[in-house]
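Examination of the molecular architecture
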Amino acid sequence: MPELPEVETVRRGLAPALVGATIARVELRRHDLRFPFPERFAARLQGRRLLDLRRRAKYLIADLDDGDSLIMHLGMSGSFRIDDETPGAFHRKRDKNAAHDHVVLHLGHGKRVVYNDPRRFGYMLLIATNKIDEDKLFRGLGVEPLSDALDAAFLAGAFRGRAAPVKALLLDQRLVAGLGNIYVCEALHRAHVSPLRAAGSLVTAGGRPTAALARLPLAIKDVLKDALKAGGSSLRDHRQIDGSLGYFQHSFRVYDREGAACPTPGCKGRIARAVQSGRSTFHCSACQK
DNA sequence: ACACTATCCTGCAGGC
DNA sequence: TGCCTGCAGGATAGTG
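We now turn to the structure provided with this report. (Residues numbered from 1 in each chain as written. Chains lettered and ligands numbered in written order. Predicted model: local features only at pLDDT ≥ 70, side-chain atom pairs only at ≥ 80, totals over all residues. Heavy atoms only, no water.)

Regarding helix 4 (residues 152–159), the residues found buried are Ala152, Leu155, Ala156, Ala158 and Phe159. Down the axis of helix 4, the sector holding all buried residues measures 165 degrees, keeping them to one side. Away from its buried face, by an angle of more than 90 degrees, helix 4 presents the exposed residues Ala153 and Gly157. Against the buried residues of helix 4 lie helix 5 (166–171) and helix 7 (211–229). Here helix 4 starts with a cap whose side-chain oxygen sits 3.3 Å from the backbone nitrogen of Ala153, and that cap is Asp151. Trailing helix 4 by a residue or two, Gly161 shows a phi angle of about 80 degrees, which is positive. (Buried < 20%, exposed > 50% of the residue type's maximum accessible area, 1.4 Å probe, protein only. Helix = DSSP H or I, 4+ residues; strand = E, 2+ residues; numbered from the N terminus. Arc of directions from axis to C-beta. Contact = heavy atoms within 4.5 Å. Polar contact = N/O pair within 3.5 Å; in protein donor to acceptor, adjacent residues only side chain to side chain.)

Another aspect to go through is the nonpolar core. In terms of nonpolar packing, the biggest core is built from 44 residues, with Phe159, Val166, Leu170 and Leu216 touching the most fellow members. Elements that contribute at least two residues to this core include exactly helix 4, helix 5, helix 6 (181–190), helix 7 and strand 10 (279–284). It is helix 7 that contributes the most residues to this core, 8 residues altogether. Beyond its immediate sequence surroundings of up to four residues, Val166 is in contact with Phe159, Leu188, Val193, Ser194, Pro195, Arg197, Ala198, Ala199, Leu202 and Leu216. (Core = buried A, V, L, I, M, F, W, Y, C linked by side-chain atoms within 4.5 Å.)

Under the counting rule described, the total for this entry stands at 9 aromatic pairs. Centre to centre, the rings of Tyr59 and Phe138 are 4.7 Å apart; their planes meet at 45 degrees, and the pair counts as tilted. Here Phe138 lies in helix 3 (residues 136–139) and Tyr59 lies in strand 3 (residues 59–64), a separation of 79 residues in the sequence. Both residues of the pair, Tyr59 and Phe138, count as buried. (Phe/Tyr/Trp six-rings, centres within 6.5 Å; stacked < 30°, edge-to-face > 60°.)

As structure tokens, then:
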């Protein structure tokens, strides 16, 4: 599911229920997700009040009132929902997906927050709030794509001399943190840059951004902002916290549209699928150069 | 340093 | 109906 727009949508949905609430009780339905839960994980959360819910890259960060922060990553298929604490709500046997409800945070105010993750690529851990930046999960992260730090000069510096395809570098969280397969494909199409192109070819000999590269930061920001407005993209798992679907998938120009006519005005091309580093790339070879 | 693969796990779609 | 294969929004460890 979750790239930056989906994670941010989840954050905005969870924050009203979580921030200021106290975790009355924690249910762990299993001992691990992608990694084992930390020692005494439930005990360390219980009784804690949540001071803030932030996002960095694709991580959610809930600051607790004891100096620790709960770090949550949704992996490929993680999602949260908010349920009422009514006894009946648990007995939804028809919903086989309930087998993947792995963590339940019972809040003191009649609601519970449930983490569901069929593939279990997600994870949760606890890090001291003032040590997050130096933690190995965070210290190597690149710039936030919606921040001013992502501009053509930054990308020129990152791409210069690199033979890897531009798509691979945009997916690298150490350079730009928060993009994933969908939004990289979409941003490259909007910028009319081929995902197959060597990243270094977007930089002049003097280290300046080419005209093509200069279009990329705005294309990235635009697609992320458009997706945020739509509540993210719902392919299979992602929902907004209130249960409604994100709808940006209806606005995809290339992702999962192999064979469709290219939506670029005046372009006669068709969307092609390629495989790069084992993952699908969707692009139009007519208008992406 | 860099580029690329294999891998974790489950669900689903498509082919037969 | 079912079995098989391949693919999926992420990120890392390991390889050459």
